[in-house]
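These are the residues of each chain, in order.
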Amino acid sequence: MNKVVDKMLDAYPAKVMKNRKEHILVKDSDDIPKIGANTRTIPGIITNRGCCYAGCKGVVIGPIVDMVHIVHGPVGCSYYAWGTRRNKGKAKDGGKNFLSYAFTTDMQESDIVFGGDKKLAQAIKEAVETFNPKAISVSATCPVGLIGDDIQKVAKDAEKEYGIPVLAFSCEGYKGVSQSAGHHIANNKLMKDVIGTIDIPKPKEKEFTLNILGEYNIGGDEWEISRVLNKIGYKVVACMTGNSEYEDIAKSHNADLNLVQCHRSINYIAEMIEIKYGMPWMKVNFIGMENMSNTLRNIAKYFGDEDLIKRTEAVISEEISEIEDEMAYYKEMCEGKTAMLYVGGSRAHHYQGLLGEIGMDTILAGYEFGHRDDYEGRDVIPDIKLDADTRNIEEITVEKDEQKYRLRIPVNRLEELKKELPLNQYKGLITDMKTNTVVIDDLNHYETEIAVKALKPSFFGSGIKDKYMIQKMGIYSKQMHSYDYSGPYAGYKGAVNFARDTAAGIHTPAWSYTIPPWKKEPMITGKVEGVEK
Ligand code: CFM
Ligand code: HCA
């Protein structure tokens, strides 16, 4: 593996090499090495990263189904984000769902010169009159910050005029170094203005209530997760933010436990809810049979109710018995093959267990925009040096809410449980990787090409920007963001979907056709400059 890494670095000029070296490592022991992460991509390098607006509007805010999400900016920013992320949603009884729309102010040159505030105010007015939504979001794209439109004031005025929440996100694309900055901006506003605004009665005895955080219902994952949780007897108050309604989020502080699936995009809210309302959070992983079962067992252990623990075991055996034969069949097809995973900020970790269940080892993994804690675990957080790019993003502090704070379980019991459950803890991607594997942060197209050519994996979990360059090298590549329009992949039934797609993908004969026939044997013969060819 070291040779492959050396080859990647060799081609770079000295300064670039020094920079990239910090982001690439070979795991050669059980120690967790330090990795460079959440820093600027070097200009000129073909990165797969997205922007701050993508992380705020596209990822965290966009999936809330009954809000109208207005993008203030040129039409391209809105059009690109129209349905591509596959965050599914359904209206609840009598509710509304605006997910299939793309709302934009469609800024023109004249708005850039004379300001776009009026156009935004008009867009909000039209949205209220036409759709009468529960709430509205406004997300700023790059030019808005450059020309200084005051979207916060426009939103405040609109809120007064129409009597509904209008949340303005100053999430201009250029803020921060990736989507990650947008997650943080979105988390801050949800925490300040939405969470905690609707109280519901305290859960009764034997009522076990949960929030699912960092789950966006891509390909229907949340539906599958909630199906299993409901079968055991849990009540999901809010999912943040997949398939959620505005009021679910407003009520979320009333639940008993926050489950954190994607740590990167939502750990800020999880931490702040604990401080303000006393609700602990637990790191979960709903991907793969074993991870799913461990997660369900951990949740039951947190509540410590005997009936709940029994029901959990019954549901686990029932669900596994339904899929184990099919999983074994796909395992036979995939056993011994290798995988590479390069996805946003959590899936490159979450999918390794599931790949292992069909006999595949992940030999290279990395995140586009994970922070050091997503790689090395949360224990490193105090050591992370904050640079100017990170300081640019507001860090809010919250305090205990004397009226709404509620201890979910006694302090002593929580401390005991922390010893055996991943409560307020995330160990990161590197811990779970085998030795002699490669971890690369902000992997670029050049490095991808070197790694794929040298290590010839059978599967590459990618995104839209790298998928086709990999497939042109004759390697099956699956978009792990959109699931290539398949899914769900979470939970037990999702695991079979993934196994089926992967087995079919790997075994398709198409990959052998990526070498054009004339490269294998000459198809015409003749003389070139008098020489027989
Ligand atoms: Fe979290 Fe996500 Fe991801 Fe992410 Fe994303 Fe996504 Fe992703 Mo694309 S919130 S970090 S910013 S799990 S959109 S649903 S697939 S890059 S690995
Ligand atoms: C985003 C969204 C994205 C992009 C996917 C991709 C998603 O970051 O803007 O690059 O293939 O999941 O849709 O991550």
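Here is a short report on the structure shown in this document. Everything quoted here is computed from the prediction, not taken from an experiment. (Residues numbered from 1 in each chain as written. Chains lettered and ligands numbered in written order. Predicted model: local features only at pLDDT ≥ 70, side-chain atom pairs only at ≥ 80, totals over all residues. Heavy atoms only, no water.)

**Considering the overall build of the protein**
And step 1. The helix and strand inventory of the protein stands at 23 helices and 16 strands.
And step 2. Rg of the C-alpha trace for the protein: 24 Å, near the compact-globule value of 24 Å for 533 residues, within the 12% margin.
And step 3. Based on the C-alpha atoms only, the size of the protein along its principal axes is roughly 90 × 65 × 45 Å.
And step 4. Scored against the burial criterion, the 533 residues of the protein give a buried share of 55%.
And step 5. At a minimum sequence separation of 6, the contacts of the protein that also span at least 24 residues come to 76%.
And step 6. Put simply, the protein shows about 23900 Å² of open surface, and 53% of that area lies on carbon and sulfur atoms.
And step 7. Distance from the positive charge centre (69 side chains) to the negative charge centre (76 side chains) of the protein: 2 Å. (Helix = DSSP H or I, 4+ residues; strand = E, 2+ residues; numbered from the N terminus. Rg over C-alpha atoms; globule rule 2.2 N^0.38 Å. Buried < 20%, exposed > 50% of the residue type's maximum accessible area, 1.4 Å probe, protein only. Contact = heavy atoms within 4.5 Å. Areas by Shrake-Rupley, 256 points an atom, 1.4 Å probe, with all protein chains shown as cover. Lys, Arg positive; Asp, Glu negative; His and termini not counted. Charge placed at Lys NZ, Arg CZ, Asp CG, Glu CD.)

**Re the site of ligand 2**
And step 1. Around ligand 2 sit A54, R85, Q179, G463, I464 and H481, and those are all the residues in its vicinity.
And step 2. In the environment of ligand 2, an oxygen atom lies 2.7 Å from a nitrogen or oxygen atom belonging to the side chain of Q179.
And step 3. H481 places a side-chain nitrogen or oxygen 3.0 Å from an oxygen atom of ligand 2.
And step 4. For ligand 2, whose unbound accessible area comes to 350 Å², protein coverage reaches 84%.
And step 5. Its residues assigned to classes, the shell around ligand 2 comprises 2 nonpolar, 3 polar and 1 charged. (Near = heavy atom within 4 Å. Polar contact = N/O pair within 3.5 Å; in protein donor to acceptor, adjacent residues only side chain to side chain. Nonpolar A, V, L, I, M, F, W, Y, C, P; charged D, E, K, R; others polar.)

**What to know about the pattern of salt bridges**
And step 1. Under the definition given, this model contains 34 salt bridges.
And step 2. Between D305 and K206 there is a salt bridge whose closest N-O contact spans 2.7 Å. You can see D305 sitting in the loop between helix 13 (289-303) and helix 14 (306-334) and its partner K206 sitting in the loop between helix 9 (179-194) and strand 6 (208-215), a full 99 residues away along the chain.
And step 3. Put simply, D256 and R406 hold a salt bridge, and the shortest N to O gap is 3.4 Å. In this pair, D256 sits in the loop between helix 11 (246-251) and strand 8 (257-260) while R406 sits in the loop between helix 18 (388-391) and helix 19 (411-420), placing the two residues 150 residues apart along the sequence.
And step 4. Accessibility expressed as a relative area gives 10% for D256, which makes it buried.
And step 5. Where salt bridges share partners, they join E224, R227, K231, E318, E319, E322 and K493 into one cluster. (Salt bridge = Lys/Arg side-chain N within 4 Å of Asp/Glu carboxyl O.)

**As for the packing of helix 3 (residues 52-61) against helix 9**
For any two helices packed against each other, one specifies the inter-axial angle together with the distance between the axes.
And step 1. Contact geometry of helix 3 with helix 9 gives a least axis separation of 6 Å together with a crossing angle of 50°. Comparing their axes, helix 9 and helix 3 come out oblique. Relative to helix 9, helix 3 is oriented so that their crossing is right-handed. Contacts between helix 3 and helix 9 involve C52, A54, G55, C56, V59, V60 and I61 from the former and Q179, A181, G182, H183, I185, A186, N187 and L190 from the latter. (Axes fitted to C-alpha atoms, helices over the stretch in contact; angles between N-to-C directions. Parallel < 35°, antiparallel > 145°, perpendicular 65-115°, else oblique. Left-handed = near helix turned anticlockwise from the far one by under 90°.)

**Looking at helix 1 (residues 2-10)**
And step 1. Among all positions of helix 1, only V4, V5, M8 and L9 are buried. The arc that holds every buried residue of helix 1, seen down its axis, measures 130°, which confines them to one face. Counted as exposed and oriented over 90 degrees from the buried face of helix 1: K3, K7 and D10.
And step 2. Elements that come into contact with the buried residues of helix 1 comprise helix 2 (14-21), strand 1 (24-27), strand 12 (437-440) and helix 20 (445-455). (Arc of directions from axis to C-beta.)

**Re the sheet that holds strand 7 (residues 234-241)**
And step 1. Spatially, the 4 strands line up as an open sheet ordered 7-6-8-9, and their pairing is parallel. Two strands in the sheet have a free side with no partner beyond their single neighbour: strand 7 and strand 9 (281-283). Averaged over all adjacent pairs, the angle separating strand axes in this sheet is 25°, with direction ignored.
And step 2. Pairing analysis gives 3 bridges linking strand 8 to strand 9, with the strands arranged parallel. (Pairing = 2+ DSSP bridges.)

**Here's the deal with the site of ligand 1**
And step 1. The full set close to ligand 1 counts 14 residues, and R85, H183, C262, S346 and H481 are the nearest of them.
And step 2. Looking at the shell around ligand 1 residue by residue, the class counts come to 6 nonpolar, 6 polar and 2 charged.

**Focus on the packing of aromatic side chains**
To describe a pair of aromatic rings, you give the distance between the ring centres and the angle between the ring planes.
And step 1. One pass over the full model with this rule turns up 19 aromatic pairs.
And step 2. Taking the centre distance of 5.9 Å and the plane angle of 70° together, the rings of Y79 and W82 count as edge-to-face.
And step 3. Looking at Y79, the relative accessible area reads 56%, which means it is exposed.
And step 4. Taking 4.9 Å as the distance between ring centres and 70° as the angle between the ring planes, the aromatic pair formed by Y101 and F131 counts as edge-to-face. Of this pair, Y101 sits in the loop between helix 4 (75-80) and strand 3 (103-104) while F131 sits in helix 6 (residues 117-131); the two residues are 30 residues apart in sequence, bridging distant segments of the chain. (Phe/Tyr/Trp six-rings, centres within 6.5 Å; stacked < 30°, edge-to-face > 60°.)

**Side note on the sheet that holds strand 3**
And step 1. Sheet architecture is open: 4 strands sit in the order 3-2-4-5, paired in parallel fashion. In the strand order of this sheet, the two ends are held by strand 3 and strand 5 (166-169), each with one partner.

**Some thoughts on the environment of E205**
And step 1. Relative to the helices and strands, E205 resides in the loop between helix 9 and strand 6.
And step 2. Separated by 92 residues in sequence, E205 and V113 have C-alpha atoms that sit 60 Å apart.

**Brief notes about the pairing of strand 8**
And step 1. Burial along strand 8 is two-sided: the face carrying L257 and L259 and the face carrying N258 and V260 are both buried.
And step 2. In terms of strand pairing, strand 6 meets strand 8 through 4 bridges, oriented parallel. Opposite N211, over in strand 8, you have N258 as the bridge partner.
And step 3. In this region the chain leaves strand 8, passes through helix 12 (residues 263-277) and returns to the parallel neighbour strand 9; the handedness of that crossover is right-handed. (Right-handed = clockwise from strand over helix to strand, strands pointing away.)

**A short note on unusual backbone geometry**
And step 1. Note the cis peptide between M240 and T241, where omega equals 0°.
And step 2. Among the secondary structure elements, T241 is positioned in strand 7.
And step 3. Note that the residue after G487, namely P488, is joined by a cis bond; omega there is -5°.
And step 4. With phi around 55°, N217 is a residue other than glycine that occupies positive phi space.
And step 5. As for its placement among the helices and strands, N217 is situated in the loop between strand 6 and helix 10 (221-232).
And step 6. Even without being a glycine, D484 presents a positive backbone phi close to 50°.
And step 7. Position of D484 among the secondary structure elements: in the loop between strand 14 (476-479) and helix 22 (491-507).

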